[in-house]
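Topology and contacts: notes
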Amino acid sequence: MPRFPVTALRSVDLGTPDLARSEAFYCSTWGLERVDDAEGVVYLRATGSDHHVVALHRSERTELKGVTFRLTDHDDFDAISRNAIGEGTTPLSAPTPNAAPDGGVIMSLRGPEGGVLRFVHGDIRHHAKPPQPELPERLAHVNLNSTDVDRSAAFYEKALGFRLTDRSAAMAFVRCNSDHHAVVIAGAKVNGLNHVAFLMPTWEGVMRGAGRMIDAGYPIAWGVGRHGPGDNVFAYFIDPVGTVIEYTAEVLQVDDSYVVRGPEHWVWPPGRTDQWGIAPPKADHVKAAQLAVRYA
């Protein structure tokens, strides 16, 4: 297994125009737990060891305020900063003690699509809770819209040390550990957030979570199905302020022996949108939601 300077996708910062409603949804319905709040930001954890996987910020519109990755070693701050500048991106802050509740040392820069990318080392961790089939364990991936997929993918590879795992006609899948992907870059006419995926312990957890969402009045937006690249089971939903979110499970585990496959491989028969052939075509309102959330 190659050495990755980024060891994991840690969390996302989401802006919401209705903080109370968003917090209630993610805690009471989606399956997260409030662990802290500071300066108007609410921090929510999953059952795993990450201090938080979502930070909710009050904002005028629904937006993506940042994506945070965990670094393998403190020395990786310098390497990533140098590489990012070499790739033409803008440093926003040097490594500094993190004043937020998750602690550690943090650095931020402007990503190629315009969003804020944060890198943390030595952050506070929880003792993981026993797996609960119906609750998310951690983030699985973040899917970012980009007007230049290949440029964005090259940035993650050259600046951040990710590896390209697969490339479909519309998306690039890049990884920073044995998960098939931690970041998916989707071709779009606008830059911003496509969706955030939360890892469930098993495929049955995806189904149980989907049932809980339906009971609460949130219909499945797309799915249930099994993706091509990554082989993961999925069910998509739209949260109360318009952010597209996903329950997923059984993400393919890969190593250096995995052969990267291109667009000619990832082709479905007409009318099919997943491996199983049971997920209906994605509705227009879901496609619109996947383009609506921009960077702060």
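This text follows the structure it describes.
Let me begin by describing the structure that accompanies this report. (Residues numbered from 1 in each chain as written. Predicted model: local features only at pLDDT ≥ 70, side-chain atom pairs only at ≥ 80, totals over all residues. Heavy atoms only, no water.)

1. Quick notes on the overall build of the protein chain
Along its length, the protein chain carries 5 helices and 17 strands. Scaling as 2.2 N^0.38, a compact globule of 296 residues should have a C-alpha radius of gyration of about 19 Å, and the protein chain matches this with 18 Å. Looking at the protein chain residue by residue over its 296 residues, the buried ones come to 54%. Contacts spanning at least 24 positions in sequence make up 68% of the contacts within the protein chain whose residues lie at least 6 apart. The centroid of the 29 positive side-chain charges in the protein chain is displaced by 3 Å from the centroid of its 36 negative side-chain charges. (Helix = DSSP H or I, 4+ residues; strand = E, 2+ residues; numbered from the N terminus. Rg over C-alpha atoms; globule rule 2.2 N^0.38 Å. Buried < 20%, exposed > 50% of the residue type's maximum accessible area, 1.4 Å probe, protein only. Contact = heavy atoms within 4.5 Å. Lys, Arg positive; Asp, Glu negative; His and termini not counted. Charge placed at Lys NZ, Arg CZ, Asp CG, Glu CD.)

2. Some remarks on helix α1 (residues 19-30)
Of the residues making up α1, those classed as buried are Leu19, Ser22, Glu23, Phe25, Tyr26, Thr29 and Trp30. Backbone geometry just after α1 places glycine 31 at a positive phi near 115°.

3. Thoughts on the environment of threonine 29
Mapped onto the secondary structure, threonine 29 falls in helix α1. With 188 residues separating them along the chain, threonine 29 and glycine 217 place their C-alpha atoms 9.9 Å apart.

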